[in-house]
Amino acid sequence: MAVALGLQVTGRLVDVLDRVPTVRLVVVLVGGADPGWALAVAVLALLVVATVALGAVPAHLAARRPPRDELRLESQVHPARRRPRSVLGVLVRTDRASVWRAVPMRRGLGVLAVGPGLVALLGALDWAQLLVLPGLVASGGALLFGVNAWCLDGRGSLWRESLPVDPARVFWARVLVLAEFLLAASVATVVLGGLRSGVPSPAEAAALLGALVVVTLQVVGAAMRWSLQHPYAVDLRSARATPAPPVRMVGYSARLALTTTLTGLVFSALVRLDDPALVLLLAVPPACWSGLRLVRASRRWVDPVGRARVTVAVSA
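Each value, and the rule that gives it
Residues numbered from 1 in each chain as written. Predicted model: local features only at pLDDT ≥ 70, side-chain atom pairs only at ≥ 80, totals over all residues. Heavy atoms only, no water. Helix = DSSP H or I, 4+ residues; strand = E, 2+ residues; numbered from the N terminus. Expected span 1.5 Å × (residues − 1). Bend = angle between axes of the 7 residues up to and from the residue. Contact = heavy atoms within 4.5 Å. pLDDT = per-residue confidence, 0-100. Buried < 20%, exposed > 50% of the residue type's maximum accessible area, 1.4 Å probe, protein only. Lys, Arg positive; Asp, Glu negative; His and termini not counted. Salt bridge = Lys/Arg side-chain N within 4 Å of Asp/Glu carboxyl O. Arc of directions from axis to C-beta. Core = buried A, V, L, I, M, F, W, Y, C linked by side-chain atoms within 4.5 Å. Patch = residues over 30% accessible without salt bridge, like charges linked within 9 Å, V, L, I, M, F, W, Y side chains within 5 Å. Areas by Shrake-Rupley, 256 points an atom, 1.4 Å probe, with all protein chains shown as cover. Charge placed at Lys NZ, Arg CZ, Asp CG, Glu CD. Axes fitted to C-alpha atoms, helices over the stretch in contact; angles between N-to-C directions. Parallel < 35°, antiparallel > 145°, perpendicular 65-115°, else oblique. Left-handed = near helix turned anticlockwise from the far one by under 90°. Nonpolar A, V, L, I, M, F, W, Y, C, P; charged D, E, K, R; others polar. Phe/Tyr/Trp six-rings, centres within 6.5 Å; stacked < 30°, edge-to-face > 60°.

Draft legend 1. Structural detail: helix H14 (residues 276-302). The end-to-end C-alpha separation of H14 is 38 Å, in line with the 39 Å expected for 27 residues at 1.5 Å each. Considering bend angle alone, the principal kink of H14 is centred on Val284 and spans about 25°; proline Pro285 follows within four residues of it. Close packing links the buried residues of H14 with helix H10 (156-161), helix H11 (167-193), helix H12 (202-229), helix H13 (246-270) and helix H15 (304-314).

Structural data, given as structure tokens:
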């Protein structure tokens, strides 16, 4: 990625790509359906199968390695800090530590923030095109743990339920931590991708702000609803763990990507209005709708029967 970025910045990327051996394959593929095209497709299919088969070897070797990074982080000593003044502050600090001290979360956040940002930097995208990225990054961040947010507690959820704390505060603490996690990844991507885009105009800045707020509320609201509807007991200590079964994850990914991509495209079109106040005004209805759905999810969490079902599921 660094080499490709350097070639793009220096203007030599096209010359290098014209000299790679795969140019002939590309020419055959774009030439139309003929025997050469069929042969090229067959070769590509065989290469894909062979690559997957070869990749299984290092994947199995990596799966057998002991989780040294996880164990080292879990064995560290963290000095006590000053106690927050509110109950919500205590809950947020606890949830924040469970997320930011987890090795898989840190790695996932790094990949989500840096990967799309470098691609945008490589392609020299303008601000109107960059508005699609926050939604995609937020969708990927929710797939790390947000779609099954209560699995972070595991067996500790039984202890949490015994605390004399308002359940609504527990819910909103988890919402705040998830939102800040998604915003951190989205903002980092936009900042990195916008290094070559210049200073955004007032309309572009307003559209960017609106897109960040709306897609974050959309993703957080959907993640918290799904966390209540389909809780799973998952140990996220492993870097290869997923918060839900593969089929469920595919469905989550498709729904989040579709919604956030459409939202990003809408805000990209709103940039042409060249009216920051109007752009922000048009961002209010979808933000309010997503916020309303989030409030409804909080009411479901407050219900003791629904909360007990989630607690039993994630602590199994």
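Draft legend 2. The arrangement of the confidence of the model for the protein chain in detail. For the protein chain, per-residue confidence averages 85 on the pLDDT scale, and 89% of positions sit at 70 or higher. Taken element by element, the predicted model of the protein chain shows its lowest mean pLDDT in helix H1 (residues 2-10) (65) and its highest in H12 (94).

Draft legend 3. Expanded view of the side chain of Glu204. Mapped onto the fold, Glu204 is located in helix H12. The side chain of Glu204 is buried and forms no salt bridge, while Arg272, the nearest opposite charge, is found at 10.0 Å.

Draft legend 4. A look at H15. Where H15 is concerned, the buried positions are Gly306, Arg307, Val310, Thr311 and Val314. Buried residues along H15 cover an arc of 135° about the axis, so they all sit on one side. Exposed residues pointing more than 90 degrees away from the buried face of H15 are listed as Val305 and Val312. The secondary structure elements touched by the buried residues of H15 are H10, H11, H12 and H14.

Draft legend 5. View of the nonpolar core. Of all hydrophobic cores here, the largest spans 44 residues; its most connected members are Trp150, Phe171, Val220, Met224 and Leu256. Counting residues per element, the ones that place at least two in this core are helix H6 (87-100), helix H7 (103-123), helix H9 (133-142), H11, H12, H13, H14 and H15. The residues contacting Leu256, other than those within four sequence positions of it, are Ser139, Ala142, Leu143, Val147, Val219, Ala222 and Trp226. Counting 18 residues, the second largest nonpolar core, distinct from the first, contains Ala120, Leu131, Ala207 and Leu270.

Draft legend 6. Main features of a positive patch on the surface. Where like charges cluster on the molecular surface, the positive patch consists of Arg248, Arg255, Arg293, Arg296 and Arg299. Broken down by secondary-structure element, the contributors of at least two residues to the positive patch are H13 and H14. By the element assignment, Arg299 lies in helix H14.

Draft legend 7. Representation of the environment of Leu280 within the structure. Secondary-structure assignment places Leu280 in helix H14. Judged by relative accessible area, Leu280 falls into the partly exposed class, the value being 37%. Between the C-alpha atoms of Leu280 and Ala203, which are 77 residues apart in sequence, the distance is 9.1 Å. Ignoring sequence-local partners within four residues, the contact set of Leu280 consists of Ala206 and Leu209.

Draft legend 8. Fine view of the packing of H7 against H9. Contact geometry of H7 with H9 gives a least axis separation of 10 Å together with a crossing angle of 155°. On the basis of their axis angle, the class for H7 and H9 is roughly antiparallel. Relative to H9, H7 is oriented so that their crossing is right-handed. Here H7 contributes Leu112, Pro116 and Ala120 to the contact with H9, which in turn contributes Leu133, Val137, Gly140 and Gly141. Among the residues forming the contact of H7 with H9, the class breakdown is five nonpolar, two polar and no charged.

Draft legend 9. Fine view of a nonpolar patch on the surface. A contiguous nonpolar surface patch, about 400 Å² in accessible area, is contributed by Leu273, Leu278, Leu281, Leu282 and Val284. Of note, Leu282 is situated in helix H14.

Draft legend 10. A look at the packing of aromatic side chains. For the structure shown, the criterion picks out six aromatic pairs. Note on Trp150 and Phe171: the rings are 6.4 Å apart at their centroids and 35° apart in plane angle, and the pair reads as tilted. You can see Trp150 sitting in the loop between H9 and H10 and its partner Phe171 sitting in helix H11, a full 21 residues away along the chain. Plain terms: the ring middles of Phe171 and Trp172 are 5.4 Å apart, the flat faces sit at 90° to each other, and that makes the pair edge-to-face. In this structure Trp172 comes out as partly exposed when scored by relative accessible area, which is 30%. Here a set of aromatic residues connected by ring pairs shows up, and it is made of Trp150, Phe171, Trp172 and Trp301.

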